[in-house]
Amino acid sequence: MKAMAAALAVCTSFIGVSVVLAQSQTSDKTPVGAAPKYDPAIYAELQKAPEKARKRANPLQNDPDAVAAGGILFGQHCAECHGDAARGGTKAPSLRAAEVQGATPGAIFWVLTNGVVRKGMPVWSKLPEPQRWQLVRYIKSLGGTVPAGDSPVTKP
Amino acid sequence: MVSPCRLVLPGFFFVSVLSVFFPPPAHAQERPYFVAYDHYLEEPGNLEIEYFSTYGTQRGGNNFLAYWVEFEYGATAWWTTEFYLDGQTTFRDSTVFTGFRWENRIRPLKREHFINPVLYVEYETKNGADKIRKEVEGHDVESDFLVSNGEARKEHIHEIELKLILSSTFKGWNFTENTVAAKNLSNSPWEFGYALGASRPLALKASAKRCTFCPQNFIGGVEMYGGLGDRYSFGLRDTSQYLAPVLAWNMPSGWALRISPGFGLNDNSHRFLLRWGVSREITGFGSMVGRLFGGRK
């Protein structure tokens, strides 16, 4: 019983600490109730893509199923943070922003592959390369409607 | 003695209750490994609840069924923390709670490289009856398991375990190599072990339709693991070694199933280990708990 009690105590503690850390990592200085804004610098990650990566063409550019498949993948892996319609969520910015829509497919693929680990976006190389390209097709199909730095934050 | 139900059912209970009451699950993309780790961490704020079993044959003794429940939480994009509760049933003997573990995996590099290191630190408090075989290290051999549960559980083990995980992804394949160093804190020597793994989804492109049985939802592979002796007798002598095909099925509903028949490669190894597991990933767990305590809406 002692071991079980200790186990439960440790479990509770670690979940508490982890949650606090997760909160502090994703929290911003926006007052409660106001729409949080994202630092436009987050989009600068796209500019960090090496020239060679930026110039890569999407091998699925002419695949008629790529957008539909990418949409399903987006719903499964990305919508939680970026919002169901990719307009931005509480944790991540809009992917309809001009910075994203104006970026080359190769640059978006590079960010997907490498993540932005220190700012909360995980590495997505766990998805096979063709699936990441399908995601790129879907993201590029959304079109640019929302300027960066003015990201809507509520999930549709 | 604790009845098997008291150990097995809580795992299912946790998974079921959380699945019913928590918001949409994430589509898991679980690797099929049971022993080896790759460099992918849990997504930040997500909680994955996992239940695993190992059935092992025992020459000269009674076969056993060991099981453990894992709570894996993505604290950040570069740190995953995990808590385990372990138990086992030895047939014609008894069922015992064998201990708990707290593990942390940290990704030191910001970007993806050809080889991606992850640092692993684990603290274990368990008794000598532990049989989950989550890792094999030192001179762990089959005959260690001949001791009855009543006798084995009298031994208390506090252990620190370190791993260096080196993992690569190439053309859809994942290759991973884990080096294990473990130290029983009661003045025992450092013990060493390894785990190797390779896996690949059955299809690399996703289907344009939602589907449960699409080949991209299945990941197959193989893992090999074993002990490497201790600091006084490093090497393969008097160690156990295993080879195990692995298969994972990631369902769109958020559930993932894994199965792995393992085969001992030398006389010191269990002839056969059958592992299976079920897991479910819950998105936004951290935010939900944060809101409970008055965090950001």
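Residues numbered from 1 in each chain as written. Chains lettered and ligands numbered in written order. Predicted model: local features only at pLDDT ≥ 70, side-chain atom pairs only at ≥ 80, totals over all residues.

Here's the deal with the overall build of chain A
Helix and strand counts for chain A come out as eight helices and zero strands. From first element to last, N terminus to C terminus, chain A shows the α and β order α-α-α-α-α-α-α-α. The buried share of chain A, reckoned over its 156 residues, is 44%. Restricting the contact set of chain A to residue pairs at least 6 apart, pairs at least 24 apart contribute 76%. (Helix = DSSP H or I, 4+ residues; strand = E, 2+ residues; numbered from the N terminus. Buried ≥ 20, exposed ≤ 12 C-beta atoms within 10 Å, placed from the backbone. Contact = placed C-beta atoms within 7 Å.)

Details of the nonpolar core
Ranked by internal contacts, the top residues of the largest apolar core, which has 76 residues, are Phe74, Val100, Ile108, Leu135 and Ile139 of chain A together with Trp68 and Tyr225 of chain B. It is strand β2 (residues 64-76) of chain B that provides the largest number of residues to this core, a total of eight residues. When neighbours within four sequence positions are excluded, Phe74 of chain A is seen to be in contact with Ala79, Ala86, Leu135 and Tyr138 of chain A. (Core = buried A, V, L, I, M, F, W, Y, C linked by C-beta atoms within 7 Å.)

Comments concerning the packing of helix α7 (residues 105-114) of chain A against helix α8 (residues 129-141) of chain A
All names here are of chain A. Their axes nearest at 9 Å, the elements α7 and α8 cross at an angle of 125 degrees. For the element pair α7 / α8, the angle class is oblique. By crossing handedness, the relation of α7 to α8 is classed as right-handed. Taking contact as the criterion, the partners of Pro105, Ile108, Phe109, Leu112 and Thr113 in α7 are, on α8, Arg132, Trp133, Leu135, Val136, Ile139 and Lys140. (Axes fitted to C-alpha atoms, helices over the stretch in contact; angles between N-to-C directions. Parallel < 35°, antiparallel > 145°, perpendicular 65-115°, else oblique. Left-handed = near helix turned anticlockwise from the far one by under 90°.)

Some details on α7 of chain A
All names here are of chain A. Across the ten residues that make up α7, a large majority, eight, are buried. For α7, every residue scored as buried is listed here: Pro105, Ala107, Ile108, Phe109, Trp110, Val111, Leu112 and Asn114. Those residues of α7 that are buried lie in contact with α2 (44-47), α3 (51-54), α6 (98-101) and α8. Remark: Gly115 follows α7 within two positions and exhibits a positive phi of approximately 65 degrees.

Focus on α8 of chain A
All names here are of chain A. Over its 13 residues, α8 runs 18 Å from end to end, which matches the ideal 18 Å to within 8%, given 1.5 Å per residue. Counting buried residues along α8, ten of its 13 residues qualify, which places the element largely inside the surrounding structure. Among all positions in α8, only Gln131, Arg132, Trp133, Gln134, Leu135, Val136, Arg137, Tyr138, Ile139 and Lys140 are buried. (Expected span 1.5 Å × (residues − 1).)

Notes on the pairing of strand β3 (residues 79-90) of chain B
It is a general feature of regular strands that their side chains alternate between the two faces of the sheet. Residues and elements named next belong to chain B. For β3, a buried count of eleven out of twelve residues is recorded, marking the element as mostly surrounded by other parts of the structure. Where β2 lies against β3, twelve bridges are found, and the strand directions are antiparallel. Each bridged residue has a counterpart across the sheet, and for Glu72 the counterpart in β3 is Glu82. Adjacent in sequence and paired antiparallel, β2 and β3 are bridged by two residues. (Pairing = 2+ DSSP bridges.)

Remarks on unusual backbone geometry
Residues and elements named next belong to chain B. For Asn187, which is not glycine, the phi dihedral falls at a positive 60 degrees. With respect to the helices, strands and loops of the structure, Asn187 is situated in the loop between β7 (173-184) and β8 (191-201). Located in the positive-phi region is Asp238, a residue other than glycine, with phi close to 55 degrees. Here Asp238 is to be found in the loop between β9 (218-230) and β10 (241-250). The exposure class of Asp238 is partly exposed, given the 14 C-beta atoms found within 10 Å.

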